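# Fold and geometry: a report
In case you want the letters, here they are:
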Amino acid sequence: MAQTFTRTAVIGVGAVGAALVDLLARAGLPVTAVEADDRALGAGRRRVAGRGADGTEPAGVRWTTRVADAAGADLVIEAVPERLDAKTAVLTEAVGVCGPDTVFATTTSGHSVTEIASLCGTMTRTVGLHLFPAVPTTAVEVVSTPLTERTVRDAVVELARRLDHTPVQVADRPGFIGGALAMTYLNSAVTMYEQRYASREDIDTAMTLGCGLPLGPLAQLDVMGLDVARDTLELLYERTGDRAYAPAPLLSHYVAAGLLGRKTGRGFYDYGPGATAAAGGPLPGRGGLPARPVRTVGVVGSGTMGAGIAEVSAKAGHPTVLVARSDAKAKGAVLTVERSLERAVGRGKMTRQDADATLGRLVAVSQLEALDECDLVVEAVVEDLAVKRGLFAELGRACRPDAVLASSTSGLPIIECATATGRPENVVGMHFFNPAPVMRLVEVVRTALTSDETAGTAHAAAAAMGKRPVGCADRAGFIVNALLFPYLNRAIGLVEEQAITPDDVDDVMTGGHGYPMGPLKLLDVVGLDVSLQIQRTLHDTFLDPSLAPARYLEHLVRAGHLGSKSGQGFRVHAGR
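Sequence order as written defines residue numbering, which begins from 1 separately in each chain. Only residues with pLDDT of 70 or above have their local features reported here, since the model is predicted, and side-chain atom pairs are shown and tallied only from 80 upward, although totals for entire chains, interfaces and linings are computed over all residues. Each side-chain value is derived from all of the structure's non-hydrogen atoms; neither hydrogens nor water enter the calculation.

### Here's the deal with the sheet that holds strand E1 (residues 8-11)
The test is simple: If DSSP finds at least two bridges between two strands, the strands pair. Note on conventions: DSSP H or I runs of at least 4 residues are helices, E runs of at least 2 residues are strands, and numbering of each starts at the N terminus. Axis definition: a line fit to C-alpha positions, over the contact stretch in the case of helices; interaxial angles, taken between N-to-C directions, run 0 to 180 degrees. Any two residues whose heavy atoms approach within 4.5 Å are treated as being in contact.
The sheet built from eight strands is open, its strands ordered E3-E2-E1-E4-E5-E6-E7-E8 with mixed pairing. The open sheet terminates on both sides in strands that have one partner only, identified here as strand E3 (61-64) and strand E8 (166-170). Averaged over all neighbouring strand pairs, the angle between strand axes comes to 25°, with direction disregarded. Both E1 and strand E2 (residues 31-34) contribute to a ladder of four bridges, which runs parallel. Residue Ile11 lies in a different strand from E2, and its bridge partner there is Val34. Packed on one face of the sheet, helix H18 (residues 502-512) meets strand E7 (139-144) and E8 and runs near 135° to E8.

### Quick word on the pattern of salt bridges
Which entries qualify depends on this criterion: Any carboxyl oxygen of Asp or Glu that lies within 4 Å of a side-chain nitrogen of Lys or Arg is treated as forming a salt bridge with it. We call a residue buried when its accessible area falls under 20% of the maximum for its residue type, exposed when it is over 50%, and partly exposed in between, using a 1.4 Å probe and counting protein chains only.
Per the counting criterion, the structure on display carries 32 salt bridges. The salt bridge involving Asp69 is made with Arg62; its shortest N-O contact spans 3.4 Å. Residue classification places Asp69 among the buried positions, given a relative accessible area of 13%. A salt bridge links Arg292 to Glu453; the shortest N-O distance between them is 2.6 Å. In this pair, Arg292 is assigned in the loop between helix H10 (249-256) and strand E9 (297-300) and Glu453 in helix H16 (residues 452-464), connecting sequence segments 161 residues apart. Classification of Glu453 as partly exposed rests on a relative accessible area of 32%.

### Observations concerning the packing of helix H6 (residues 178-194) against H10
Keep this limit in mind: Orientation labels follow simple angle bins: below 35 degrees gives roughly parallel, above 145 gives roughly antiparallel, 65 to 115 gives roughly perpendicular, and whatever is left gives oblique. Each residue is assigned to one of three groups, with Ala, Val, Leu, Ile, Met, Phe, Trp, Tyr, Cys and Pro labelled nonpolar, Asp, Glu, Lys and Arg labelled charged, and all others, Gly among them, labelled polar.
Where H6 meets H10, the closest approach of the two axes is 8 Å, and the angle between their N-to-C directions is 90°. In terms of orientation, H6 and H10 fall into the roughly perpendicular class. Contacts between H6 and H10 involve Asn187, Val190, Tyr193 and Glu194 from the first element and Pro249, Leu250, Leu251 and Tyr254 from the second. Residue composition of the contact of H6 with H10, grouped by class: six nonpolar, one polar and one charged.

### Overview of the packing of H18 against helix H19 (residues 519-526)
Close contact between H18 and H19 brings their axes to 7 Å; oriented N to C, the two are set at 105°. On the basis of the axis angle, H18 is roughly perpendicular to H19. Across the interface between the two elements, Pro502, Val505, Asp506 and Met509 from H18 touch Pro519, Leu520 and Lys521 from H19. Residues that form the contact of H18 with H19 fall into these classes: five nonpolar, no polar and two charged.

### Here's the deal with the environment of Ser340
Relative to the assigned elements, Ser340 resides in helix H12 (residues 327-346). Exposure remark for Ser340: the relative accessible area of 13% places this residue in the buried category.

### Remarks on the environment of Met465
Along the chain, Met465 falls in the loop between H16 and strand E16 (468-473). On the basis of relative accessibility, which here comes to 8%, the residue Met465 falls in the buried class. In this structure, the C-alpha to C-alpha distance between Met465 and His318, residues 147 residues apart in sequence, is 8.9 Å. When sequence neighbours within four positions are dropped, the list of residues in contact with Met465 reads Val297, Val312, Ser313, Ala316, His318, Leu376 and Phe432.

### Quick word on the nonpolar core
The nonpolar side chains of a soluble globular protein tend to be buried, and buried together. What counts is decided by this rule: Here, nonpolar core means buried Ala, Val, Leu, Ile, Met, Phe, Trp, Tyr and Cys residues that are tied together by side-chain atoms lying within 4.5 Å of each other.
Residues Ile177, Leu221, Phe268, Leu371, Leu395 and Ile479 are the most contacted members of the largest nonpolar core, which totals 99 residues. Element by element, the count of residues in this core is highest for helix H17 (residues 480-498), at 11 residues. Setting aside chain neighbours within four positions, we find Leu221 in contact with Leu186, Val190, Leu226, Ala229 and Phe268. Counting 34 residues, the second largest nonpolar core, distinct from the first, contains Leu20, Val21, Leu41 and Val140.

### Quick notes on H17
Rule in force here: Multiplying 1.5 Å by the helix residue count minus one yields the expected span of that helix.
Given a rise of 1.5 Å per residue, 19 residues ought to cover 27 Å, and the 27 Å separating the end C-alpha atoms of H17 matches this to within 8%. Among the 19 residues of H17, 15 are classified as buried, and the element is accordingly described as predominantly covered. At the C-terminal side of H17, Ala499 shows a positive phi close to 55°.

### Topic: the side chain of Thr106
Here Thr106 shows up in strand E5 (residues 103-106). Given a relative accessible area of 0%, Thr106 falls into the buried group. Sequence-distant contacts of Thr106, defined by excluding residues within four places in its chain, comprise Glu78, Lys87, Val113, Ile116, Val127, Gly128 and Leu129.

### Examining unusual backbone geometry
Residue Pro435 is reached from Asn434 by a cis peptide bond, and omega for that bond is 0°. When you line up the elements, Pro435 lands in the loop between strand E14 (427-432) and strand E15 (441-446). With a phi close to 60°, Arg196 is a non-glycine residue in the positive phi region. Mapped onto the elements, Arg196 comes out in the loop between H6 and helix H7 (200-211). With a relative accessible area of 78%, Arg196 lands in the exposed category. Positive phi is not limited to glycine here, since Phe478 has a value of about 50°. For Phe478, the location among the structural elements is in the loop between E16 and H17.

### Section: the packing of aromatic side chains
We count it as follows: Put simply, two rings from Phe, Tyr or Trp (the six-membered ring, in Trp's case) pair if the centres are within 6.5 Å, and we call them stacked under 30 degrees between planes, edge-to-face over 60, tilted for the rest.
Going through the model one piece at a time under the given rule, you end up with four aromatic pairs. With a centroid separation of 6.1 Å and 70° between ring planes, the pair formed by Tyr193 and Phe268 is classed as edge-to-face. Placement of the pair is Tyr193 in helix H6 and Phe268 in the loop between H10 and E9, with a sequence separation of 75 residues. Measuring from centroid to centroid gives 5.0 Å for Tyr254 and Phe268, while their planes differ by 35°, and the two rings are tilted. Taken together, the residues span a long stretch of sequence, with Tyr254 in helix H10 and Phe268 in the loop between H10 and E9 at a distance of 14 residues. Judged by its relative accessible area of 14%, Tyr254 is buried. When its relative accessible area of 2% is taken as the criterion, Phe268 is described as buried. Among the aromatic side chains, those forming a connected cluster through ring pairs are Tyr193, Tyr254 and Phe268.

Right, here's the structure in full:
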């Protein structure tokens, strides 16, 4: 029978330690909170108080600067910075004052739990307790050493449940689950910003609106602490040799400058008094870019995306011309829009009058010549570069000389479409997300030849349609897919190589990191064949071995297990 903890101690009350003190105290457990000195102790108290809805400390916390005051605790949790000497020093001191049955836990995300336990002489009584405090969590990773007693592990698992968290038991491997996946994603976002590929606001907005994440990656790093992130990445790189963990130079530069995020008032964003660019505040527009007026919009394509973009355009008040390959497909697209509007009326999202007016602004035909008066034409045909180039060549001849021509591709090179038109300065990417009537994000992708006026017109048109445009350069994956799919690919690798279940991976990323959907579930929804195609494109473009598609993904696709649409992917889906 697992022991039950009655008195706890937390050494180190930074972001992670404050979260633990708060959780333990609000669950009714007495907590001794230990910090290095009075100044650090005061800062820790403010962090804990700030976590409560009323801004006050929970009851039952004893505050001290002496590790010796942890004597009598049956669980001691170390939550000091990611330095091996610091972690082993406070745990060794705690071992000296605590009883022989005390359980010790380390919150490390980069070091080996086994190495820490060995250095402290507590191999059988030590576990890793890893949670990510940037967002409210409902899951925690419980990491055992090869010699951790089963009763110790079970006691910590039961404690996690007592704290209303889902315990996920993982092996002592670099980064465990959450760190292994999240840190490479965050590091890649810094590199993207460092290369001036997109602005910090556009990167963060793309990932929050495009993926439903609670925080964009750069804002998340500011909450986490840039020094903590840099130290964790360095440790993971040292342990694995994986270049994806090598800290981005800009991250190290910010740390050297003392720009550590929220805790210092400035990181990727400014949090000081009077700051106007703080994460989560008003996002800047595309001021300064000229834009032509857009009245009539054309859409080429009658599939899900084509019909969705046409609905968005007509709903925004634009006379809209949808061009399909045949009259039958044109009628089918109108029917798709009509059904979508009916559902909106039924849910109270739209009045009958507005739905009728929207439908009245939509015309569907099968002749490209009908686009000759459109100010903006959005292509939404099959994701085949040869097909798109052929279409853009036709659009270059059929449309007005000053019309903006946009591709809604999710990753094919816009420049290839642009050069087919004979007027590449008028071509831009406008990547709407599926379902277009619901998703707010549009990635506006400019090539080296796109004019400022064309880019400005695309941004203004997307905003007029009620979308949030973000700008980026013409590179494989744009923003969202370039950051999302390497993360998904790594999740597959964990399942393939580490005997970790899809449920464990998904639980950590949803409950521990606040993601709306776990990576394996998301892959099944997107389609494993689609995911494989995107991952191959990223690998072929950047020639980075770490971007090579996971073998398990290739095997599943070869077997016809494509996710929910085929009835089986990483999970079996009922009803297929």
